Structures are given as structure tokens and as C-alpha cells.
Amino acid sequence: MRSTNLTNQEKLRVAVLVSKAAFQLTISIQIGGDELGSIVEVHDFKKLKVHSGVDGIAGVQPSDYTVPEEVKAAGFQIRGVQPSDYTVPEEVKAAGFQIRGDELGSIVEVHDFKKLKGHSGVDGIAGVQPSDYTVPEEVKAAGFQIRGDELDSIVEAHDFNNSKFHGGVDGIAGVQPSDYTVPEEVKAAGFQIRGDELGSIVEVHDFKKLKGHSGVDGIAGVQPSDYTVPEEVKAAGFQIRGDELGSIVEVHDFNNSKFHGGVDGIAGVQPSDYTVPEEVKAAGFQIRGDELDSIVEAHDFNNSKFHGGVDGIAGVQPSDYTVPEEVKAAGFQICGDELGCIVEHRDFSKLKFHGGVDGIAEKLCTSTKKGLSTDSDLNRRQEIYGINKCTEGEVRSFWVFVWKALQEMTVINLGGCAFVSLIVGINMEGWPKGAHDGLGIVTSILLVVFVTATRGYYQSLQFKDLDKEEKKISIQIIRNGFSEKMSIYDLLPGDIIHLDARDQVPADGLFVSKFPVLIDESSLTRASEPVMVSTENPFLFSRTKVQYGSFEMMVTTVGMRTRWGKSMAAFSEGGDDKTPLQVKLNGVATIISKIGIFFAFVTSAVLVRGLLNRKWKEGTHWSWSGDEALEMLEFFMVGITIVVVAVPEALPLAVTLSLAFAMKKMMNDKALLHHLASCETMGSVTSICSDKTGTLTTNHMTVVKSCICMNVKEVRVPEDASSMCSKLPDSAVKLLLQSIFNNTGGEVVVDKAGKSEILGTPTDTALLKFGLSLGGNFQAERQASKLVKVEPFDSVKKWMRVVVELPGGGFRAYCKGASEIILAACNKVINANGEIVTLDKACVNHLTGTINQFAREALQTLCLAYMELQNGFSAENPIPDSEYTCIGIIGIEDPVRPGVKESVAVFRSAGIAIRMVTGDHITTAETIARECGILTDGVALEGPDFRKKSEEERLKLIPRLQVMARSSPLDKQTLVKHLRNLLGEVVAVTCDGTSDSPALHEADIGLPLGIAGTQVAKENADVIILVDNFSSIVIVAKWGRSVYVNTQKFVQFHLTVNVVALIVNFSSACLKGTAPLTAVHLLWVNMIMDTLGALALATEPPNDDLMKRSPVGRKGNFISNVMWRNILGQSFYQFLVICLLQTKGKAIFRLEGPDSDMILNTIIFNTFVFCQVFNEISSREMEEINVFKGILKNYVFVGVLSCTVLFQILIIEYLGTFAKTSPLTLSQWFLSVVIGFVGMPIAAALKMIPV
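An unreviewed UniProt entry lists the protein chain under the name Calcium-transporting ATPase, from Carya illinoinensis. Recorded in UniProt under Function (unreviewed entry), the annotation for the protein chain is "Catalyzes the hydrolysis of ATP coupled with the transport of calcium." Its UniProt record gives the protein chain a comment under Sequence similarities (unreviewed entry), which states: "Belongs to the cation transport ATPase (P-type) (TC 3.A.3) family. Type IIB subfamily."

Take a look at the structure:
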């Protein structure tokens, strides 16, 4: 056969062409079915899935479809195949191929990467792998190392795999950049590079070769310094050639541009050459317009600096500053506006003029060491510089909410009808009788308006109270040389404050410490990278966050003068954010509204038609009496009122009311909501990722064990520490104390009582306290050595390092951090005699065993180490990563919070999974997790192991994962992302620090503990637990579920009233031509259903049974089957009762006479209201039969029911003229109440029907 003589490449091409033809034939056979046409035309993925995707669908119709015989005869077996099912037909094998033509066609036509992968890619289909490649003898004989068809394959298919195997372009060409030699004829011509080499570099953008030839200039054979100006260019008065300019611009040659002096140098000008034109001077200015444009457009800092910066351009100099008289009179030498300008604009010129940080401190009458003196007049300082509060919008008055409620379209329509009713009624029957109907409607409208306004006003007051609670922030401040805690709102310019990593800067100020810190300014500038703040860049801004480092700052600007305050003043009050549940209910409300409007229109139309038909039959259609006009008006009002009843504006408001009530109650339980949505989200949580330190544990750390000089000692009390110190060599004790006091972000200060107070993180505090118990002196140690370089603790590297210059000369690095990491960086250790010895295997095993033993005792372990550095070390040099000497291991106790184990058990019973994610040693994490009840039969692993796993392995692992130790912030974020996006979980994250911010952003809800939690964590949180009590999270979850369930209860009640009211009026209008429920009746029912119903059911407090149910999760239906069962069953009963009263009511109650219709309508109205009263009680529980449990403890519910019954009695007995009701007899009252009460046993019976 001819095909057997073809090359593999030709075989592949032939096979593809054949496969295309075969596949088109297949398509023509299959495409005849409507099913396939439907799938293809509308991209019906659902049907596609039913037919098992592309493989299953290729030639099949619905599930009963069988493959036609002619298709089978064509050799296709395409129903439900997978790549792994593929078999090669014998005739294909006999032809020397390993794949069918239709299989190739399928792969090519539909870009089936799955099948392509199954066949090992292009090479697999071609029957080769890169490693199988052999060079034919004739190719070798010709001096080549690659076949032509192999080259074609690489180029045509962009086969990077093969290209890489052959060493890329150079490998295929058989050369490397370093192999390049310049041909003699090229050298003879005066060049250093071949033309084809240049072509190769340009065509394939070969940066490797370009670099090998020293870049553009290297290829050109020139350096910037080699440039000479041709004589003709000089003669023309220029200093640069045109081709040089072209080269600079075309290739963005910054090197050459810089050599020529930049834009100004090329232009032949320097800033100092600038002269002010006479016309500019004459106009009173000192700078041309085009000069200003040049500075701004090109960001020309050189020119800007020459003109004196912003102030110089504005015509002022720092030396022009004069101190306002009132500032001088107060004893200060600088005003608030000047301070604000210096910091806000980072104005180094002004800062220098005022004497730097120390000069400004002097002008503010403060000390950078001791802070403000309380002997000075602080009130006067506050008058001059202001208070540290931003101006807040005033609370809207009650009448604003009244006005807003009056603007509702339905209220306006009803008001119009009431006005017409008043006019017609007064003209017909005079005052006051003719005004009764209109005044009745007006009274009902006003009642609805005022109740709605009261609800909105009360809610706004609640949010104001919550905002005040949230802003209670204290900070460490130094006054009179003593440290004390004070509210950030009491800060004044001149105050010295201490800030640690994860704190928020409370005001604008200047840096007054030695070593630089990292500040996150994204809240102001949106910059993603942190800013290094130091003595060279000392400017700090309010609301920025300390990322790494501890330092002191001097407050310069407060309140509205800060950069944050000015930016906030530019914003107006935003709209209210709607919660997800409100949005969902808005959709439900829209559908119900449309149905209600339809029923309202039809009901009004039927009623009007009945009146017109009657008048037509009477022949009086051209003459209308006042009563008939009022009757027509009443029909329209009934329609409008049905719209009022049908439009369920209270559905979203019920959520708001429930959330507002929950927020107030949660605040009593010391839980503060940042966002409304977070409460309802918490009710749907299925998984909680919790930090250990400060969340599950108290964050009150104490050193209880140590291993110094290879000896393990318990040091729980100061006496133990003193005893241990006496047994250690002096040199070891000295090294230990130097390491503790120098390598720390904490500080030891003196309070007003003269007692030492330790500032810093809990870990630093524990170590410093340990150092003091050993007899160390913090201030003496810090003064003895000079800090040269500081690397703050890094949550990724798990260590902190410093370099100090020793008193006797030389430098030393101290390092502390995660025990196993620091120990791995050591090659020496201090032994029991205080000698430095090699860290051999025995020592490593001893120290590793000590670390594990400490971890099994639930202790956080730290390793301390040091290294002697060579003379000449500077802050620019990197601190070494290895060859340290181990000083010892420290075991720090952080007790588990009381109630954590019980809370975890409650979460488990509620179907919520708890996972611990911590940076601690895995053994410590496992011990704590078991103690808390988190680690049961699941998996515990370390962050690095988690990172190494593939996506498939992670998906299998995460459902069983209960503990992740030695995790980085990215590990925590990745875990949360997988839980949310891939497993569909609703995830809450509990935390206390800055490093948790990525996970907080990724999670559905963030929960930091208030006291231990940092301000940064709180800023990113949704709910803040104001007390350090893990059990408060259970309360938040319980309230979240309560909000969700209460809203469901209200919706169930609301829809029942809606359905019955609409159907009763509609059916009555169609059958009898009248509506038993008038406009006033319906407005009262709307009041019961909307405001009073929401108030009663949305304020039900949570019970313990809520935490025994499974969580709703992300995809749960809001209106459940249980709710539909209760709604339809109760609606059916009430509709039957109302129909029975309409048709047989007169006979049942023996009503006769002209008032019988009004009395019957009153009985129907009364019965309907009492049906809702008892249905409201039944709605307290959607599944439980006992609905009276705890009813008397809910004072709001009892009060609402009592008010409803009381007003119903008043409406029936005393307001009949306005409400169109008639007083009822005792028997009629009794029967109305009994009929309503019967709805309760019916509701109980419905709850026994399984759904």
C-alpha cells in the first residue's frame, strides 16, 4: 500500500483529512433528530448532560433512542464512550495506524482536549514521544541532527514540548549564545555580529542572545559615553544627532536619555536656565504657563524642586510663615493648618524649616520622650487644634421619616380618594355626617404612616447607638513620662503614642522612633504595597494600619484636619445597603405585588361593571345620585386598598426590624454587628475556620518551661526562674537576657504608680516578663547595645531578627521564632557548662524531643539563637539565615478559654464544622484541638504539606481536615476559598490579627474577638465579639438563625393573610358584586399583617432548639415546603369559613332588616381578624405543635396581640361610623373568636403532615 511508504507527518495529515470527512458523514447521520438540533441551537447544556456530554450525544436522541443500523454499519460506536473506552479497529491496525479517522475528527472538530490528553497529545496520536526521537542516518550523514518533518511538526503545531526537548531555537540550530564566533569577513568589514544573528535576535525576540551581546548598545558597538557630536550638528547649534534622538525614543533607551541629561538636557536647558518673561512679571507672576504644564504633565520633580515645590510655585516660602496671634497667646509656635500641610503633603521643606520632628515638638510644647505635661492647659490646646473626632451627620428627625412615609404612592392614591370622599360626602350629607367615610380613611392612613415612621426612627437611633459602641477604642499614650491607656478621641497634638503591629494609626503625626516600620496606606491611597516609614520619611496618616514593627509617633493633626477627615468631608451620606435576605424578599414582594395589582384591577372592574349594569337596567345610567358616586368611589378605594394589602412592603422591612432587634440584643450579649447582612449570614454558616491564639486561647501568655544550656526547667513562678538562673553559667544568662531584651518588639515602661508596665504583643510580653524574673534590666540592656538593624516578626518566615553593635566593638545578630525553623538554622549550641559546641545529632535529638514534649503539653515553643558577625556590618547588609548558635527553647503557656469545649460541642450539634488554623507547632495544635473537642477523627497537617497537594488531593482532604498547623496567611485564605467556591460552604473566620485579613476578606463572615483582636482585624470583620469569650460566637450564630427563622415565620403569616384577603374580595366581587372587606377594613388588616405582625414575629428571641437543626447553607430555599404546607392549609380553612359566612351567615346568625348586610360584613371582618390573631400565635412555630412555649417571656408579642384585640373592639363597637361596622352581640363576638381559635388545632394538625 502506498500509505505505508508515507512519513509519519504525511500519515497524520491524511488521517486528519479522512477523519474530517468521516466525521461530517457522522454529523449528517446524527443531525437528522430534533433532539440534537435543539441541543445545538440553544446550547442546551442540561440536555447535553442528560445525554452524557459530547460522547454520549454523538448520534443519540432521547433516552429511548437506539443507534440506527446504518450508523452501526458505518462503524461508529459513539453512545456514551469515554477516552479510556477507545479501541482500535482491526482494519485501522492493519493499515499501520493506532487511531480511527472519526476519533481524530472528533478531537479536531470539537477541540476535545480530554480525548487528546487520553491519546497522549499530538505526539501520542502520531505514535511518538520526544524521547523516542532518533536521527536518521541520511540526516546525520548530511551533518544535521533533526529531520525535516520533525521541524515541520514543531513549527506547525507550536509543539513547545518537542521544541524544549531539542533545546529550543539554539538547540535546533546546534548553537548556544556562548558558541557565537564572528566570521572573518564580518570582522574585515569592521563589524562584530553576523546579519543572520541579528535577524535571529529580532525575529524571535531572543532576549537571551540580546543580553549576550550587551544589549542594543553592545550590538551597535557603542556606549553612551562614546557619543560624540558631529561637527555639522554642532555648527547648526545642536548637541545631539537626529538618529541618537530616534534611538532614545524608539527603544525607550533610558540609559542614553540619562547620559544626555534627561528631557531638559536633550532640550539644552537646565532648571537654572529658566527666566521669567516680562509680560508674566508685569502680571505679577513668577512662572510661565507652559513651565507649569511641563512640570505637571511630565511629573518633572527636578523643575518642581528648582521652583521651590508647591509653596514656591504658589509664591510662598517656608520662611514666610507667621504664627497666628491666638496660637502665640496660647503658648504655641505653630498652628494646626501648618501642621496639617506639612504632614498631608509630606512637605520636607517646611519640616526642615520648622527644625524637623524635634523642632515641631518644641513648638508644640511637648517632648518626644515624655509626651505632654498634664500641668499645661490641655483644654486650651484642644481649642486651638481641635478634637480627634470627625464631624458626623445629624440623626434624621422623626418628621423626616413621617414625610418619607407620606411619599409612598399607595398612600398618595388613598389620600386622593379620601379627599374626594370628603368633598362628595360633605356636599351630599353635610358636616360632620358626610365626612365620616373620608375621615375614617384619613385616620387609617395616618395610623399607618406614623407607625411606619416610628419604626424607621427607632431603627436609626439603634444604629447610632451601635456606631458609638463600635468607636470605643483605647490606645497606649505617654504623658508626663508615664504610660497610660486613653481613648483615641482624647488625643491632642503633641501627644506621644505607642503603636504595635496590627494597630490602626488614630491621627496624623510624625514618626519619633529609631527603626523603620511598614505602614499599610491602602485605606487612603489604594496602594497595594506597604510604605516604609522612618526618620527619612516620618509622615503617618490617620486610619492607616501598622503592618510590621512597634514604634512611637507624635500626634500633629486630629479630627477634621487629618487627611482622612478631609477626605470624609467630601463624601455625603450613602444609601442603606440591603442584605441578601432583603434582596431575596424584594423579589418575592415584586411577584406578590404584580399578582395583587392584577386582582385589585379585576375586583374594581367587576364591582364597577356590576354598578353600571344595574343602572343600565334601571335606565338611570345618565343620572347619578351622590350615594351612587360614593359607591363608585368606594369600589375604586377597595381596588387601591387591595393593592396596599397585596404589596408586601413589610417583607424586606421585617428583615430590617428583626436584624435591628437582634443587633440590640446581641449588643447586650457583647457582640457588635459591622454589617446587617452578617447576622443573617451567620445563621447559614456551615463551617468555621478558627485561629488558636487569642481566639480559642486566652492570649495571656506566660513562660512556664525552658531548656537553656540543654537543661529543661519549670519556671512557672519567679522563684523557679531565680533558681534556674543561679544554676546557669553567667555567660549563658547574659546571652539569654541580651537576646530577650534586644530582640523584641515590646517595651518596658513605668506607669503613674511607678510600676513597670510591659507593652507589646502577648508573646513579647511573656518573654520580657521572663527576662525581668531572671533579674534582668530592660533599660540597661537596651542602652548598653546599639541596635543596627531590625527585621520584625514575619508570619511567613516565622521569625524575628535584630543586629546590635556590642559595647566592646563588634556586631551580633539575635534571632527568635518557630522552634524547628530556628533550630534548623543553627549549627552550634551552648552546653551545660556554657561552652559553645557543635550541634551534633545527639543535641539535635535532645532539643527536638524537648520541643515535642513542650508541644504535647500544649505549650507554644520558641527558639532563641545568636550569631557573631564580622566588623563593618551595616543596616544595608542582609542578616545571615544560617550558622546560628542555639541559646535555648522557651515553652509559653496560653490557656484555653473557658467554655470553648462546650461551644464547639454546640456547633457540632448544629451541623457546623470547626477547623483550627494556626501558625503553631503541629503537636501543640493537636493537643489544644483535642482539648477543645475540635480534633476527633479527622486529619491534622502542616501548611507546607497542604501547599504541596494537588487540587484533587485538596478536595478529598478538606472535608476531613480539622487542624492545620504552621500555616501562613495564604494557606488560610486558600482553605477558605476552597471551602466556599468548590465545596459550597458558608464560611466564618475567627481571628485576632493583621495576618488574618486575607482570609477575612475571602470568608462569608469575619469574627474577631474584641479585646484580643487588633483594630486591623476589627476593621475587616463583620461581627466583633466585644468580650474575649468564644461562647459569644454561639450566641451570634443563634441570633443569626433566629433572624432567618423569624423572617420565615413572618412571611408565612403574611402570605396567609394576603391569599385570603385577595381571594375573598375577588370572589365576592365576582359572585355578589360587593366586597365584604371595605377600604378601612383592609387598611386595618394591612396594619395587623405588616407592622404589627412584623413586630410580633420578627422579635421572637432565639431558643436552644435552633442550634439542634442543620444549617440552611448557601442553596437552601427561603420559602420551604413546610411553609407552603402551613400557608395553603390555613388559607383554605379561612377561605371556607369566610365563604360560609357570606352565603349562610344571615341564616346562621338570624339576621334580618336593612342593617343585616352591614352586620354580616362586620361579623366577616371580625372573624377574619381573629383568624389572623390566632394564626399569628400558630406561626410562632412552623413545625412544633406547642406554640405557647415561652410566649409570656416575649413581651413584644403579647403586647402586639393585646393591642390588636383592643383596637378591634374599639373599631367594631365605637368607630362604626368611620369604619362602616356595626356593634355585635355577645354571641356574635363569641362565635367570631371561636372560629378564629379553631384555626389553631387545624394548624397543629397540618404540622403532623410530613413534607
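The structure having been displayed, the exposition proceeds.
**Q** Help me understand the overall build of the protein chain in this model?
**A** For the protein chain, the helix and strand inventory stands at 59 helices and 28 strands. Of all 1251 residues assigned to the protein chain, the portion counted as buried reaches 50%. Within the protein chain, residue pairs in contact and separated by at least 24 positions form 68% of the contacts whose partners lie at least 6 positions apart. For the protein chain, the accessible area works out to roughly 61,200 Å², and carbon and sulfur atoms hold 57% of it.

**Q** Before we go on, may I ask you to explain the pattern of salt bridges in this structure?
**A** Pairing between side chains of opposite charge can happen when the charged atoms of each approach one another. For the structure on display, the rule yields 23 salt bridges. Of the charged contacts, one joins Glu714 and Arg716 as a salt bridge, the two residues approaching to 3.2 Å between their closest N and O atoms. A relative accessible area of 42% places Glu714 in the partly exposed class. Looking at Arg716, the relative accessible area reads 44%, which means it is partly exposed. For Glu1002, the salt bridge goes to Arg980, with nearest N and O atoms at 3.7 Å. You can see Glu1002 sitting in helix α51 (residues 997-1002) and its partner Arg980 sitting in helix α50 (residues 969-982), a full 22 residues away along the chain. Connected through salt bridges with shared partners, the residues Glu714, Arg716 and Glu893 form a single ionic network.

**Q** When you look at the pairing of strand β12 (residues 702-708) in this model, what are you seeing that I'm missing?
**A** Successive side chains on a regular strand alternate, one facing one side of the sheet and the next facing the other. Extensive coverage of β12 is indicated by the burial of 6 of its 7 residues. Examined bridge by bridge, β12 and strand β22 (residues 884-893) share 6 bridges and lie antiparallel to one another. Bridge pairing links Ile708 to Gly888 in β22. The pairing of β12 with strand β13 (residues 711-714) spans 4 bridges and is classified as antiparallel. The residue bridging Ile708 from the neighbouring strand is Asn711, located in β13. Here β12 folds back onto β13, and the loop between the two strands holds 2 residues, one of which, Cys709, carries a positive phi near 55 degrees.

**Q** Looking at this model, I keep getting lost on the UniProt feature "transmembrane region" (unreviewed entry) in the protein chain. Mind explaining?
**A** Using the residue numbers shown here, the UniProt feature "transmembrane region" (unreviewed entry) corresponds to residues 405-426, 438-458, 591-612, 632-662, 1195-1216 and 1228-1246. Across residues 1195-1216 one finds 91% helix and 0% strand; the C-alpha atoms that close the span lie 30 Å apart. What you have in residues 1228-1246 is 100% helix and 0% strand, and the ends, taken at the C-alpha atoms, are 28 Å apart.

**Q** Whenever I open this one, a nonpolar patch on the surface confuses me. Can you help?
**A** Among the surface-exposed residues, Leu1206, Phe1207, Ile1209, Leu1210, Tyr1214, Leu1215 and Phe1218 lie close enough to one another that they form a single nonpolar patch of about 640 Å² accessible area. Among the elements that make up the nonpolar patch, the one with the highest residue count is helix α57 (residues 1195-1213) (4 residues). On the basis of relative accessible area, Leu1215 is assigned to the partly exposed category, the value being 37%.

**Q** Whenever I open this one, the packing of aromatic side chains confuses me. Can you help?
**A** The geometry of two aromatic rings is summed up by the distance between their centres and the angle between their planes. Under the defined criterion, the tally for this structure stands at 10 aromatic pairs. Counting every residue linked through ring pairs, the aromatic cluster contains Phe398, Trp399 and Phe450. Against the face of Phe946 rests Arg954, its NZ or CZ located 4.9 Å from the ring centre. Its guanidinium or amino end placed over the ring of Phe1197, Arg1180 lies 5.5 Å from that ring's centre, counting from NZ or CZ.

**Q** Any chance you could explain the sheet that holds strand β6 (residues 531-533) here in plain terms?
**A** By way of backbone hydrogen bonds, the strands of a sheet pair with one another, either parallel or antiparallel. Ordered by their spatial adjacency, 3 strands build an open sheet running β6-β5-β8, and the pairing between neighbours is antiparallel. Of all the strands in the sheet, the pair left with one neighbour each is β6 and β8 (545-548). Neighbour-to-neighbour, the strand axes of the sheet open up by a mean angle of 45 degrees, direction not taken into account. Bridge analysis of strand β5 (residues 517-520) against β6 gives 3 bridges, and the strand direction is antiparallel. Looking across to β6, one finds that Leu518 is bridged to Met532.

**Q** Would you mind going over the sheet that holds strand β7 (residues 539-540) with me for this structure?
**A** The sheet built from 6 strands is open, its strands ordered β2-β1-β3-β9-β4-β7 with antiparallel pairing. Two strands close off the open sheet at either side, each with one partner strand: β2 (482-487) and β7. Of the pairings in the sheet, the one linking strand β1 (residues 474-479) to β2 comprises 6 bridges and is antiparallel in character. Directly across from Ile477, in β2, lies its bridge partner Glu484.

**Q** Even after reading the chapter, I still don't get the state of the cysteines, so can you show me in this structure?
**A** Here a disulfide denotes a covalent bond joining the sulfur atom of one cysteine to the sulfur atom of another. The final tally for this structure, using the stated rule, is 0 disulfides. Free cysteine: Cys707, not disulfide-bonded; nearest cysteine sulfur from Cys886 at 7.6 Å. Assessed through its relative accessible area of 1%, Cys707 is described here as buried. Just so you know, Cys826 is unpaired, no disulfide at all, and the nearest cysteine sulfur is the one on Cys886, 5.0 Å from it. Owing to a relative accessible area of 9%, Cys826 belongs among the buried residues under this scheme.

**Q** Can you help me understand the side chain of Glu338 in this one?
**A** Along the chain, Glu338 turns up in helix α27 (residues 336-344). Reaching out from Glu338, the side chain makes a polar contact with the side chain of His354 at a distance of 2.9 Å. Residues within four places of Glu338 in sequence aside, it is in contact with Tyr321, Lys350 and His354.

**Q** Got a minute to help me understand helix α56 (residues 1156-1178) in this structure?
**A** Because each turn of an α-helix spans 3.6 residues, side chains separated by three or four positions in sequence point in the same direction. With 23 residues, α56 ought to run about 33 Å at 1.5 Å a step, and its terminal C-alpha atoms sit 33 Å apart, in line with that. Within α56, 20 of the 23 residues are buried, which leaves it mostly tucked inside the rest of the structure.

**Q** It is not clear to me how helix α55 (residues 1121-1149) should be interpreted in this structure. Could you clarify?
**A** Along its length, α55 reaches its greatest deviation from straightness, about 65 degrees, at Thr1143. Phi turns positive one or two residues past the end of α55, at Arg1150, with a value near 55 degrees.

**Q** Any chance you could explain the confidence of the model for the protein chain here in plain terms?
**A** Note: predicted coordinates in regions of low pLDDT should not be interpreted at a detailed level. Summary statistics for the protein chain give a mean pLDDT of 77 and a share of 70% for residues scoring 70 or more. For the stretch residues 8-34, pLDDT sits under 50, and the model shows 38 contacts to residues farther than four places along the chain or on other chains. Low pLDDT (under 50) marks residues 58-65, which in the prediction has 21 contacts with non-local residues, meaning those over four places away or in another chain.

**Q** I would appreciate a short explanation of the nonpolar core in the present structure.
**A** A general trend in soluble globular proteins is that nonpolar side chains are found buried together. Counting residues in hydrophobic clusters, the biggest one holds 45 residues, and the most contacted among them are Phe1165, Phe1168, Ile1177 and Phe1197. For this core, the elements supplying multiple residues, two or more each, are α53 (1031-1072), α54 (1079-1097), α55, α56, α57 and α59 (1226-1247). If near-sequence neighbours (up to four positions away) are discounted, Ile1177 is found in contact with Val1187, Phe1188, Ile1191, Phe1197, Leu1201 and Met1240. Ala662, Ala858, Val1023 and Val1036 belong to the second-largest nonpolar core, a separate cluster that totals 41 residues.

**Q** Hey, could you run me through unusual backbone geometry in this one?
**A** Both trends apply: most residues other than glycine have a negative phi, and most peptide bonds are in trans. Backbone geometry at Cys365 places phi at a positive 60 degrees, although glycine is not the residue there. Along the chain, Cys365 turns up in the loop between α29 (356-363) and α30 (378-385). Taking the relative accessible area as the measure of exposure, Cys365 reaches 40% and is therefore partly exposed.

**Q** Can you help me understand the packing of helix α41 (residues 730-742) against helix α42 (residues 762-773) in this one?
**A** Between α41 and α42, the shortest axis-to-axis distance is 9 Å and the interhelical angle comes to 145 degrees. In the packing of α41 onto α42, the handedness of the crossing is left-handed. Residue-level contacts link Leu736, Leu737, Ile740 and Phe741 of α41 to Leu767, Leu768, Phe770, Gly771 and Leu772 of α42.

**Q** Even after reading the chapter, I still don't get the pairing of β1, so can you show me in this structure?
**A** Most of β1 sits inside the fold, with 5 of its 6 residues counted as buried. Hairpin connection between β1 and β2: a loop of 2 residues separates the two successive antiparallel strands, and Asn480 in this loop has a positive phi of roughly 60 degrees. As paired elements, β1 and strand β3 (residues 496-499) share 3 bridges and run antiparallel to each other. Counterpart to Gln476 in the pairing with β3 is His498.

**Q** Looking at this structure, how should I read the packing of α55 against α56?
**A** Each pair of packed helices gets described by two things: the angle between the helix axes and the distance between those axes. The interhelical angle for the contact between α55 and α56, taken along N-to-C directions, is 155 degrees, at an axis separation of 10 Å. Taken together, the axes of α55 and α56 lie roughly antiparallel to each other. The chirality of how α55 crosses α56 is right-handed. Contacts between α55 and α56 involve Gln1130, Gln1134, Val1137, Ile1138, Leu1141, Gln1142, Gly1145, Lys1146 and Phe1149 from the first element and Ser1156, Asp1157, Leu1160, Ile1163, Ile1164, Thr1167, Phe1168, Cys1171, Gln1172 and Asn1175 from the second. Here the contact of α55 with α56 is composed, by residue class, of 9 nonpolar, 8 polar and 2 charged.

Conventions and cut-offs
- Residues numbered from 1 in each chain as written.
- Predicted model: local features only at pLDDT ≥ 70, side-chain atom pairs only at ≥ 80, totals over all residues.
- Heavy atoms only, no water.
- UniProt positions renumbered as here; feature names shortened; annotations may be inferred.
- Helix = DSSP H or I, 4+ residues; strand = E, 2+ residues; numbered from the N terminus.
- Buried < 20%, exposed > 50% of the residue type's maximum accessible area, 1.4 Å probe, protein only.
- Contact = heavy atoms within 4.5 Å.
- Areas by Shrake-Rupley, 256 points an atom, 1.4 Å probe, with all protein chains shown as cover.
- Salt bridge = Lys/Arg side-chain N within 4 Å of Asp/Glu carboxyl O.
- Pairing = 2+ DSSP bridges.
- Patch = residues over 30% accessible without salt bridge, like charges linked within 9 Å, V, L, I, M, F, W, Y side chains within 5 Å.
- Phe/Tyr/Trp six-rings, centres within 6.5 Å; stacked < 30°, edge-to-face > 60°.
- Lys NZ or Arg CZ within 6 Å of the ring centre and 35° of its normal.
- Axes fitted to C-alpha atoms, helices over the stretch in contact; angles between N-to-C directions.
- Disulfide = S-S within 2.5 Å.
- Polar contact = N/O pair within 3.5 Å; in protein donor to acceptor, adjacent residues only side chain to side chain.
- Expected span 1.5 Å × (residues − 1).
- Bend = angle between axes of the 7 residues up to and from the residue.
- pLDDT = per-residue confidence, 0-100.
- Core = buried A, V, L, I, M, F, W, Y, C linked by side-chain atoms within 4.5 Å.
- Left-handed = near helix turned anticlockwise from the far one by under 90°.
- Parallel < 35°, antiparallel > 145°, perpendicular 65-115°, else oblique.
- Nonpolar A, V, L, I, M, F, W, Y, C, P; charged D, E, K, R; others polar.

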